[in-house]
Amino acid sequence: KPNGKNMASLALANIAQSIAYDNKSGSPLGELAMSLALNKDLQIIKIDIARFQNALELEDDVNAQLANIDKNSVYGDIASSINSALLYPKDEKAAIENLQKTAKTRPNFFNLSSLANYYIASEKFKDAQLLYDRLIEQSKGLSEQAMGAKKWQLFFGRSNAYTGLKNPQAAIKDLRAANDLEPDNPLLLNSLGYILADNNVDLDEARKLLEKAVQMRPQSGETIDSLGWLMFRQGEYEEAIDRLEFAMMLAPNVGEIAEHLGDAYWTTNRKEEAKLEWSKAISLTKSSDDKARISSKMLKGID
């Protein structure tokens, strides 16, 4: 009977995962609750419930669920990360301090990587770069199983830090390293292709990377935006507008896409439409540097 309960609990957990992967099937919380009722010791189920409750902004329920997680376990690390995700919109400093405390107590790859990601989100790019330097150095000679993390993610993370530090050459080098470790990953293909296009470097290579990424993710607004931006860089303005308009339809809340579309409209003498897109981009972007750059375009246009 106990073994049957465990099997039923895991079966329900698997059903919940299937529901989660199919966005049209609704919430998996019911199946997860039944799974936990059959086996109250499965901490991973509590973590999954907390994740979905967090997505639904059920903060009190999340806190109640995470209170029962063993803080000195890998699940405790994940719980700390979810706690920071709850805190971050209200108190950025408290969210980072929470992760710093966890990383100091348990300085493993998961906790340190999570902290580095929050540094990037908070535009503490130098702190993130130094932390990724440390992780990449520690990863030498270790298997991914021993690390409990993927090595490509470390190089990808540091590339984001270098991008924030306005060091595209270092970012490109890290993205090439990440692509070597994880070939045919559409996220990495898109990231490398985009940064090459954005810096007018190796545009033929960038096109191959981005066309492959779009083929793998034909409904990704961000990926289609990258290909449209490359076409803009290569002077294919009408083709670029087609791609960028489609990208904007797929991802209407991404400021970068709106800015790119505004640039393409301005270049083809559709200046009022350009200003509308730039205005939208300003409202959607968070970075003060980005807002200043786009505001300048609103006043002066672009060459």
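Report follows, based on the coordinates.

Rules of the game
- Residues numbered from 1 in each chain as written.
- Predicted model: local features only at pLDDT ≥ 70, side-chain atom pairs only at ≥ 80, totals over all residues.
- Heavy atoms only, no water.
- Helix = DSSP H or I, 4+ residues; strand = E, 2+ residues; numbered from the N terminus.
- Buried < 20%, exposed > 50% of the residue type's maximum accessible area, 1.4 Å probe, protein only.
- Contact = heavy atoms within 4.5 Å.
- Expected span 1.5 Å × (residues − 1).
- Polar contact = N/O pair within 3.5 Å; in protein donor to acceptor, adjacent residues only side chain to side chain.
- 1 Å grid on protein atoms, 1.4 Å probe; cavity = no way out; pocket = protein on both sides within 12 Å on 5 of 7 lines; lining within 4 Å.
- Points joined across faces, edges and corners; volume = space filled by probe spheres on them.
- Nonpolar A, V, L, I, M, F, W, Y, C, P; charged D, E, K, R; others polar.
- Core = buried A, V, L, I, M, F, W, Y, C linked by side-chain atoms within 4.5 Å.

## Brief notes about the overall build of the chain
From N to C terminus, the chain includes 18 helices and zero strands. Seen through its C-alpha atoms, the chain measures out along the principal axes to roughly 70 × 45 × 35 Å. Within the span of the chain, comprising 303 residues, buried residues form 44% of the whole. Sequence-distant contacts in the chain: of pairs separated by 6 or more residues, those separated by 24 or more amount to 44%.

## As for helix α7 (residues 109–121)
Over its 13 residues, α7 runs 18 Å from end to end, which matches the ideal 18 Å to within 8%, given 1.5 Å per residue. Judged by how many residues are buried, α7 sits mostly within the fold: ten of 13 residues are covered. Turning to α7, the residues buried within the fold contact α5 (74–87), α6 (92–105), α8 (125–139), α9 (144–147) and α10 (151–164). Measuring from the side-chain oxygen of the N-cap residue of α7 to the backbone nitrogen of F110 gives 3.2 Å; that N-cap residue is N108. Positive phi shows up at E123, right after α7, with a value of about 65°.

## Observations regarding the layout of surface pockets
Space inside the largest pocket adds up to approximately 2000 Å³. Around the largest pocket sit 48 residues that line it, and N160, T163, Y194, E256 and D290 are the ones nearest its centre. Of all elements in the fold, only α7, α10, α11 (168–181), α12 (186–198), α14 (221–233), α16 (255–267) and α18 (288–300) reach the threshold of two or more residues within the lining of the largest pocket. The greatest single-element share of the lining of the largest pocket, amounting to seven residues, is contributed by α14. A per-class count over the lining of the largest pocket returns 17 nonpolar, 16 polar and 15 charged. When its volume is computed, the second largest pocket comes out at roughly 550 Å³. In terms of lining residues, the second largest pocket is bounded by 21 residues, among which F110, S113, S114, N117 and Q153 are the most central.

## What about the nonpolar core?
Ranked by internal contacts, the top residues of the largest apolar core, which has 64 residues, are L115, L154, L192 and L230. Ignoring sequence-local partners within four residues, the contact set of L230 consists of A197, L203, A206, R207 and L210. I47, L66, I69 and L86 belong to the second-largest nonpolar core, a separate cluster that totals nine residues.

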